[in-house]
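Below, each chain spelled out in residue letters.
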Amino acid sequence: MAKRRLRTGPTAALPAKPDPAELLRIVQLADPSARRDCDDIVATDVRVYAPVEAEADLTGGELEQVWAVRVAAEGPLPLDFFDRYLAEGLAFRLKGLAVCRGEVIDPADEQESGPAVILPARPTAEELAPLLEPQEDDEFTFTAGDIRAALIPQKGQPPAVQELLPFATELTAIELRGDEPVKLGALALELSEALNGLVVDRWRFRVDAAEELVPPA
C-alpha cells in the first residue's frame, strides 16, 4: 500500500501485528455487523485493510516497529467520522497510534471526552434521579459527585447501538465527563442497566466493563 495513503489515513499504527480474529472482534465493538472480506474487514461504509508492515517514520519514530491498519471509506465519506473514530479506537485498544492527514495522535492521551450511555428514548428527570442530580439552571446537565453529565439528543445512529434501533423513538446520549475513567465507566454501566441503554466510549465502541476505558498496560 502506498506510503502516502497510510499517512493520509485514517490509519492505526500498531507496535505488533494484530491477530486477525482479535482485530475482527474489536471492529465488531464499533459495528456488530462487521465481517471479514478475504484479508480485510468490511464495516459500516468502510473497509479495514489487512495489516501491512510499515516504516517507523510513519509515526515519526514513536514506534520502533509499525504494523499499519488503514481504514478507508467505501463509496461516500462515512457519516460522523466513523472511519477516523474506528482507526483511533483500534489504536487505543492495541497500544498504538493513529495517523490522519499526516498528524500522529496518541489516543491514550486524549482526555477531552468520556463515555456515553446511548438510550432508545430521552429519560425523564425521575428516571435519572436515583443516579444523577439535576442542575437547577439547566434541565440538560446533571452531576454525580465530581462527575458531570449532559443529556444530548443524537442526530446520527452509531453502528454499535444497532440493537437499540428497533425500539428507539428518540436516541439520546448521556455523556459523562470526569478525571477517573473507571469511575466514569462504572456510572455509565449503572445508567445503562437502569435505563436499558448501551455504553460506548469516545470513539463509539461498545463498552462492557469499566476497565475498557483505561489504556492497555
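These lines cover the structure that appears in this document, whether it is placed above or below. All of these numbers come straight from a predicted model, not from anything done at the bench.

## Focus on the overall build of the chain
Looking only at helices and strands, one finds five helices and 14 strands in the chain. Taking 17 Å as the expected radius of gyration for a compact globule of 217 residues, we find that the chain reaches 18 Å, a close match to that expectation. Overall, the chain is about 55 × 35 × 25 Å in size when its C-alpha atoms are taken along their principal axes. Carbon and sulfur atoms provide 50% of the accessible area of the chain, an area that totals close to 11400 Å².

## A look at the nonpolar core
Where a protein is soluble and globular, its nonpolar side chains tend to be buried together. Core analysis: the biggest nonpolar cluster contains 26 residues, and Val 27, Ile 41, Val 48, Leu 86, Leu 90 and Phe 205 have the highest contact counts within it. Of all the secondary-structure elements, those providing two or more residues to this core are strand S1 (11-14), helix H2 (20-30), strand S3 (40-43), strand S4 (46-48), strand S6 (66-73) and helix H3 (82-93). In contact with Val 27, other than residues within four places in its own chain, are Ala 34, Ile 41, Ala 43, Val 48, Leu 86 and Leu 90. Within the second largest apolar cluster, 18 residues are counted, among which are Ile 174, Ala 188, Val 199 and Val 207.

## Here's the deal with the pairing of S1
Here S1 shows no split at all, with Thr 11 and Ala 13 on one side and Ala 12 and Leu 14 on the other all buried. Pairing between S1 and S6: four bridges, direction antiparallel. In the sheet register, Thr 11 faces S6, and the bridge partner there is Arg 70. Two elements, S1 and strand S7 (residues 97-100), share three bridges in a ladder whose sense is antiparallel. Across the sheet, the residue bridging to Thr 11 is Val 99, located in S7.

## Some remarks on the sheet that holds strand S13 (residues 172-177)
One open sheet holds the six strands; their spatial order is S10-S11-S12-S13-S9-S14, and the pairing between them is antiparallel. At either margin of the open sheet sits one strand with a lone partner, and together these are strand S10 (133-135) and strand S14 (198-200). Each adjacent strand pair in this sheet contributes to an overall mean axis angle of 30°, direction not counted. Note: strand S12 (residues 147-153) against S13, six bridges, orientation antiparallel. When the bridges of S13 are listed, Ile 152 appears paired with Ala 173. Set on the sheet, helix H5 (residues 181-195) makes contact with strand S9 (116-119), strand S11 (138-144), S12, S13 and S14; between it and S13 the angle comes to about 155°.

## Let's talk about the packing of aromatic side chains
Taken as a whole and assessed by the stated rule, the structure comprises two aromatic pairs. Both rings, one in Phe 92 and one in Trp 203, keep their centres 4.9 Å apart while their planes meet at 45°; by these two values the pair is tilted. A residue pair is termed long-range when its members are at least 10 positions apart, and Phe 92 in helix H3 and Trp 203 in the segment after S14 qualify at 111 residues. For Trp 203, a relative accessible area of 4% gives the class buried.

## Details of H5
In this model, H5 (15 residues) spans 21 Å end to end at C-alpha, consistent with the 21 Å of a helix rising 1.5 Å per residue. Those residues of H5 lying buried are Leu 184, Gly 185, Leu 187, Ala 188, Leu 191, Ser 192 and Leu 195. Buried residues along H5 cover an arc of 165° about the axis, so they all sit on one side. Exposed residues pointing more than 90 degrees away from the buried face of H5 are listed as Glu 193 and Ala 194. Where H5 is buried, its residues touch S9, helix H4 (125-128), S11, S12, S13 and S14.

So, how was this worked out
- Residues numbered from 1 in each chain as written.
- Predicted model: local features only at pLDDT ≥ 70, side-chain atom pairs only at ≥ 80, totals over all residues.
- Heavy atoms only, no water.
- Helix = DSSP H or I, 4+ residues; strand = E, 2+ residues; numbered from the N terminus.
- Rg over C-alpha atoms; globule rule 2.2 N^0.38 Å.
- Areas by Shrake-Rupley, 256 points an atom, 1.4 Å probe, with all protein chains shown as cover.
- Core = buried A, V, L, I, M, F, W, Y, C linked by side-chain atoms within 4.5 Å.
- Buried < 20%, exposed > 50% of the residue type's maximum accessible area, 1.4 Å probe, protein only.
- Contact = heavy atoms within 4.5 Å.
- Pairing = 2+ DSSP bridges.
- Axes fitted to C-alpha atoms, helices over the stretch in contact; angles between N-to-C directions.
- Phe/Tyr/Trp six-rings, centres within 6.5 Å; stacked < 30°, edge-to-face > 60°.
- Expected span 1.5 Å × (residues − 1).
- Arc of directions from axis to C-beta.

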